[in-house]
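Below are the chains, spelled out letter by letter.
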Amino acid sequence: MRGKIRRQSLANRLQTISGKTEANAPAADSGLEVRDTIGRLPTALAVAVRLVHWEGFSRAEIATLEAVAASTVQSGYARAKALLKTALAVSDTPTARNGREPAARQSLEQAR
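Calculation notes
Residues numbered from 1 in each chain as written. Predicted model: local features only at pLDDT ≥ 70, side-chain atom pairs only at ≥ 80, totals over all residues. Heavy atoms only, no water. Helix = DSSP H or I, 4+ residues; strand = E, 2+ residues; numbered from the N terminus. Buried < 20%, exposed > 50% of the residue type's maximum accessible area, 1.4 Å probe, protein only. Contact = heavy atoms within 4.5 Å. Areas by Shrake-Rupley, 256 points an atom, 1.4 Å probe, with all protein chains shown as cover. Polar contact = N/O pair within 3.5 Å; in protein donor to acceptor, adjacent residues only side chain to side chain. Core = buried A, V, L, I, M, F, W, Y, C linked by side-chain atoms within 4.5 Å. Axes fitted to C-alpha atoms, helices over the stretch in contact; angles between N-to-C directions. Parallel < 35°, antiparallel > 145°, perpendicular 65-115°, else oblique. Left-handed = near helix turned anticlockwise from the far one by under 90°. Arc of directions from axis to C-beta.

1. Notes on the overall build of the protein
Each helix and strand in the protein was counted, giving seven helices and zero strands. Moving toward the C terminus, one meets the helices and strands of the protein in the order α-α-α-α-α-α-α. Put simply, the protein has 112 residues, and 32% of those count as buried. Taking the contacts inside the protein whose residues are at least 6 apart along the sequence as the reference set, 60% of them involve residues at least 24 apart. When the accessible surface of the protein is totalled, it reaches about 6,800 Å², and 53% of it is carbon and sulfur.

2. Topic: the side chain of His-53
Locating His-53 in the fold gives a position in helix α3 (residues 43–53). A polar contact of 2.6 Å, which involves the side chain of His-53, links it to the side chain of Tyr-77. Setting aside residues no more than four positions away along its own chain, His-53 makes contact with Arg-6, Leu-10, Arg-13 and Tyr-77.

3. What to know about the nonpolar core
Counting residues in hydrophobic clusters, the biggest one holds 19 residues, and the most contacted among them are Leu-10, Leu-14, Val-34, Ile-38, Leu-41, Val-49 and Leu-84. Where this core is concerned, the elements lending two or more residues are α1 (2–18), α2 (32–39), α3, α4 (59–66) and α5 (70–90). At six residues, the largest contribution of residues to this core is made by α5. In contact with Leu-14, other than residues within four places in its own chain, are Val-34, Leu-84 and Leu-88.

4. Side note on the packing of α3 against α4
The contact between α3 and α4 brings their axes to 10 Å, and the two run at 125 degrees. Overall, the two elements α3 and α4 adopt an arrangement that is oblique. The interaxial crossing formed by α3 with α4 has right-handed handedness. On α4, the residues that touch Val-47, Ala-48, Leu-51 and Val-52 of α3 are Arg-59, Ile-62 and Glu-66.

5. A look at α2
Residues of α2 that are buried: Val-34, Thr-37 and Ile-38. For α2, the angular spread of the buried residues around the axis is 100 degrees, confining them to a single face.

6. What to know about the side chain of Thr-37
The topology assignment puts Thr-37 in helix α2. Of note is the side chain of Thr-37, whose polar atom sits 2.7 Å from the backbone oxygen of Glu-33.

7. Details of the environment of Ala-78
Tracing the chain through its elements places Ala-78 in helix α5. Given the relative accessible area of 37%, Ala-78 is considered partly exposed. The spacing of Ala-78 and Ala-48 is 30 residues in sequence and 9.9 Å in space, taken between C-alpha atoms.

In short, the description is geometric, and any link to function would need to be established separately.
In structure tokens, the structure reads:
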């Protein structure tokens, strides 16, 4: 149940980040698209997103856990949010629904 609540909370936050509102948001898919998109991020960025949104750690706490500078975590997290925002916004286009790979998905693969 906690996992389901965390995933829904993350999906809601990502909708806020991407500027979508409930009126024009796609139907909920239990967070599969969000999890898949996070999974395509470079490992360090995906870990930061998961620790912040699923585990509730602050970026300062993550820096301590990872033994890196807080600015490193902050910049990586900002990069992850930008990549997610782009990828999730593009995934709702007709091109993505037609089965062709959207440019944002390609950019996620290149970011690895």
